[in-house]
Amino acid sequence: MHPNTFYRLLLASFVVLITLSPGRSHADDKQRVLFILSAHEHGYWLPEVLSPYEILTTAGYTIDFASPGADPGVQAGGEQMTAAERQTLQRIDDQLSRPLDLANVQTDRYVALYVPGGAGPMFDLFDHPHVNRITADLYESGKPVAAACHGPAAFAAVRLSDGSLLVQGKQVTAKSNAEEGDWARENYPFLLEDKLRSLNTTFSATDPYEPWVVQDGLLLTGQNPASAAPLAHALIQTLQSPTVD
């Protein structure tokens, strides 16, 4: 082999190795999805975290968790986990215990946002300044934002750069009034269906505890825990659409 040919092949192999290296942040950033978790004492709903996590990571996406103040919060709903979700929790529980601080989240690193529910988001994610900033930045950058069950509370006060509310005039769903019990009615600052309807949305829901996903452009919402998995699949379809970067 001619020496020049050998060195050209060696250089090409080196370039390929650099390109395929898993440590390259730029490649990772193109596939990174942010999960925002409640840090409130009433907790976030584990099944709504674990099922979408498994679906998205299987599809090739990397998940980062973030919460107010980097607080790990309280895991709720563990008694309703499936066997597969329990296995997922065993793998990622350490990651869940060390979320990023919302204040430090750089939105240009992410291709999408997902907010799981639980009672907690009703108290600490509604009108949270960093949640509002992150959601508006991603949405206005042409990236999808999704939330399940009580997670859409995180979107209800988000204002876009023109001053309008993100959810205003949009088709949405969330935990329906028919699915709320006495505790929720006595303790929540508002019922989420009532709040969203008051913001000039087109709210829809199906029968209690049945899956229901609503998409309006880059805004995706799921009604309840049963909707978390189909919502994750809808998010992947949106991400793989040629109109989404």
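Structure first, text after, so check above.
Scope of this entry: the structure provided in the associated data block. (Residues numbered from 1 in each chain as written. Predicted model: local features only at pLDDT ≥ 70, side-chain atom pairs only at ≥ 80, totals over all residues. Heavy atoms only, no water.)

Once that is clear, we can look at the nonpolar core. Among the nonpolar cores identified, the biggest contains 38 residues, and Ile36 and Phe155 are the most heavily contacted of them. Top element by residues in this core is helix H6 (residues 129–140). It accounts for five residues. For phenylalanine 155, the contacting residues outside a window of four places in its chain are Leu113, Val115, Thr135, Val145, Ala146, Ala147, Leu166, Val167 and Leu219. Among the nonpolar cores identified, the runner-up in size contains 30 residues, and Tyr53, Met81, Leu231 and Ala232 belong to it. (Core = buried A, V, L, I, M, F, W, Y, C linked by side-chain atoms within 4.5 Å. Buried < 20%, exposed > 50% of the residue type's maximum accessible area, 1.4 Å probe, protein only. Helix = DSSP H or I, 4+ residues; strand = E, 2+ residues; numbered from the N terminus. Contact = heavy atoms within 4.5 Å.)

Counted under the stated rule, the structure contains six aromatic pairs. Taken together, a centroid distance of 5.0 Å and an interplanar angle of 70° make the contact between phenylalanine 126 and phenylalanine 190 edge-to-face. Of this pair, phenylalanine 126 sits in the loop between helix H5 (121–124) and H6 while phenylalanine 190 sits in the loop between helix H7 (182–187) and helix H8 (192–198), and the two are 64 residues apart along the sequence. For phenylalanine 190, a relative accessible area of 15% puts it in the buried group. Here the aromatic residues Phe35, Tyr53, Phe65 and Tyr114 are joined through ring pairs into a cluster of three or more. One cation-aromatic arrangement involves lysine 195 over phenylalanine 190; the distance from NZ or CZ to the ring centre is 4.9 Å. (Phe/Tyr/Trp six-rings, centres within 6.5 Å; stacked < 30°, edge-to-face > 60°. Lys NZ or Arg CZ within 6 Å of the ring centre and 35° of its normal.)

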